[in-house]
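Close look at the chain arrangement
So the chains spell out like this:
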Amino acid sequence: EVEMGLTLAELVTKVSAEHYYAELFASAFGNADVTPERIALALAQFIRSIISTESKFDAGRAVNFSNFTPEENRGRQIFNGQGRCANCHGTDNFVPNNVFNIGLENPYADPGVGAITGRPQDLGKFKVPSLRNIALTGPYMHDGRFQTLEDVVEFYNSQVVNHPNLAPQLRNNNRPIRLNFSEEEKRDLVTFLNTLTDPSLATDPKYSDPFNYGE
């Protein structure tokens, strides 16, 4: 209900009513029956097909980032060092398999994982997203409160709110971190984040709107 504004039963009814899905479900599953399980399988398979490997960052790894500008390399150093970004986004896909409370507010209007588990220690926790193609995926945070990467960087720089469940990575001496970036450092970090964009993925026709018939 939170993600799609309707229940799974309503989704099945809605999808079943569209004639073109009958052929697609039959092709994928052997018959035209629409079920919640099949919808989930189809979505999961599609998501797994989206592989991003041709960003400037990917090209840079093979040449020790000699293809980067000085600003991009300074931003990369901030990402891995002073900015602590790699503490939560340190894998090749810039995403851990975890959920965190990042101190957006206290109390949280949306309790996140806590709404599912009912446990106080889970309040305000949300899944950490990948940073690949992050420049293309705004607005940011679970509720879309930040419009730009500059807004996001400023949040981590100076606006993290104290919360009992605040992630340890965002604390200094049991207080929310304050990174004290200069304006140049903030610009450099955003410049580095832009190197994670894969233009070939963003323009691949197979990921285009299937309902846009060239009109």
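Parameters at a glance
- Residues numbered from 1 in each chain as written.
- Predicted model: local features only at pLDDT ≥ 70, side-chain atom pairs only at ≥ 80, totals over all residues.
- Heavy atoms only, no water.
- Helix = DSSP H or I, 4+ residues; strand = E, 2+ residues; numbered from the N terminus.
- Buried < 20%, exposed > 50% of the residue type's maximum accessible area, 1.4 Å probe, protein only.
- Polar contact = N/O pair within 3.5 Å; in protein donor to acceptor, adjacent residues only side chain to side chain.
- Contact = heavy atoms within 4.5 Å.
- 1 Å grid on protein atoms, 1.4 Å probe; cavity = no way out; pocket = protein on both sides within 12 Å on 5 of 7 lines; lining within 4 Å.
- Points joined across faces, edges and corners; volume = space filled by probe spheres on them.
- Nonpolar A, V, L, I, M, F, W, Y, C, P; charged D, E, K, R; others polar.

Here N157 shows up in helix α7 (residues 149–159). The class of N157 is buried, set by a relative accessible area of 6%. At 2.8 Å, the side chain of N157 and the backbone nitrogen of F181 are in polar contact. Filtering out sequence-adjacent residues up to four positions away, N157 remains in contact with I177, R178, L179, N180, F181 and K186.

A probe as big as a water molecule, rolled over the atoms, marks out the empty space that is left. Of the pockets and cavities examined, the largest pocket occupies roughly 1100 Å³. Forming the boundary of the largest pocket are 35 residues, of which H89, V128, P129, L131 and I134 lie nearest the centre. Looking at the lining of the largest pocket, the elements that each hand over two or more residues are β2 (126–127), α7 and α8 (183–194). The element that contributes the greatest number of residues to the lining of the largest pocket is α7, accounting for 4 residues. Of the residues that constitute the lining of the largest pocket, the class distribution is 25 nonpolar, 7 polar and 3 charged. Elements with a contribution of two residues or more to the lining of the second largest pocket: α1 (8–16), α2 (19–29) and α3 (36–48). Looking at the lining of the second largest pocket element by element, the count peaks at 6 residues for α2.

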